[in-house]
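Summary of the model geometry
Each chain, letter by letter, is given below.
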Amino acid sequence: MEEYFICPECGSDDVEVIKERGRELTLRCNECGNVWHVTLPKLVRVPLIVSKHERSFKSEAELPEGEEIRVGDIVETEEDEVRITGIELEGGKRVNKAKVGEIVTLWGESLTYPKVIKVSIYMPKGITQSFRVKVPREEEFAVGEVVEVGGYTFRIEKIKTERKMLHHGKAQADKIVALMGHHIPRARARRSLEIYRGYDRENG
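Quick look at the structure, then. (Residues numbered from 1 in each chain as written. Predicted model: local features only at pLDDT ≥ 70, side-chain atom pairs only at ≥ 80, totals over all residues. Heavy atoms only, no water.)

Digging into the pattern of salt bridges
- For the structure shown, the criterion picks out 17 salt bridges.
- Here glutamate 140 ties to lysine 170 by a salt bridge, and the two come within 3.5 Å at their closest N and O atoms. Within this pair, whereas glutamate 140 is found in strand β14 (residues 140-142), its partner lysine 170 is found in strand β19 (residues 170-172), the two being separated by 30 residues in sequence.
- You can call glutamate 140 partly exposed: its relative accessible area is 41%.
- For arginine 190, the salt bridge is made with glutamate 145, and the minimal N-O distance between the two is 2.9 Å. (Salt bridge = Lys/Arg side-chain N within 4 Å of Asp/Glu carboxyl O. Helix = DSSP H or I, 4+ residues; strand = E, 2+ residues; numbered from the N terminus. Buried < 20%, exposed > 50% of the residue type's maximum accessible area, 1.4 Å probe, protein only.)

Shown next, in the form of structure tokens:
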């Protein structure tokens, strides 16, 4: 866990560690020459279950003792960046926030794994073609946009996010659960989306 320090005298971040003894550090500001001492918080290893769509993996995060963790916070492990989706206390109790030291297990979603979104394309005669697609998390989708999946072109009419259903506007893929719209046979798609084949086939 990387630490950043700001000089309490001049506010500069040009700071170097001149002495280190366990969690006790002596720091010097290279701007104004101020010298001061800090005690780093004790780090606690917290079990972390990381989801990569349909698969989950055991990991752990090193977090400062006593720090409050909330659902939605982003924590780093040695190999991943994870958004917290669940916090479990003793007895299996789930909460939205808790302090490190009280937490038994954290649950989270890998932010380095592509976002997997459900796509429903409404065809004639009440038929629906359903796909799962994988997209970069920072990509945006807008209602009214024409896209292609699996040879089917459709106009996005609704975007279901983690919080609400959008009938206009746009959203980032990271927040999207599903895209829905009617098939448009001869329309020209703005982009083509890649079908998600499942974790094992994607990473086999």
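Don't stop here, the text continues.
A few points about the nonpolar core
- By size, the foremost hydrophobic cluster in this structure holds 19 residues, and its most contacted members are Ile117, Val119, Phe141, Ile159, Leu179 and Leu193.
- Of all elements in the fold, only β12 (115-122), β13 (128-135), β15 (146-149) and β20 (176-182) reach the threshold of two or more residues within this core.
- Apart from residues lying up to four places away in sequence, leucine 179 is in contact with Ile117, Lys118, Val119, Ser120, Phe141, Ile156, Lys158, Ile159 and Leu193.
- Core analysis: the next-biggest nonpolar cluster, separate from the first, contains 16 residues, Val46, Val50, Val82 and Val95 among them. (Core = buried A, V, L, I, M, F, W, Y, C linked by side-chain atoms within 4.5 Å. Contact = heavy atoms within 4.5 Å.)

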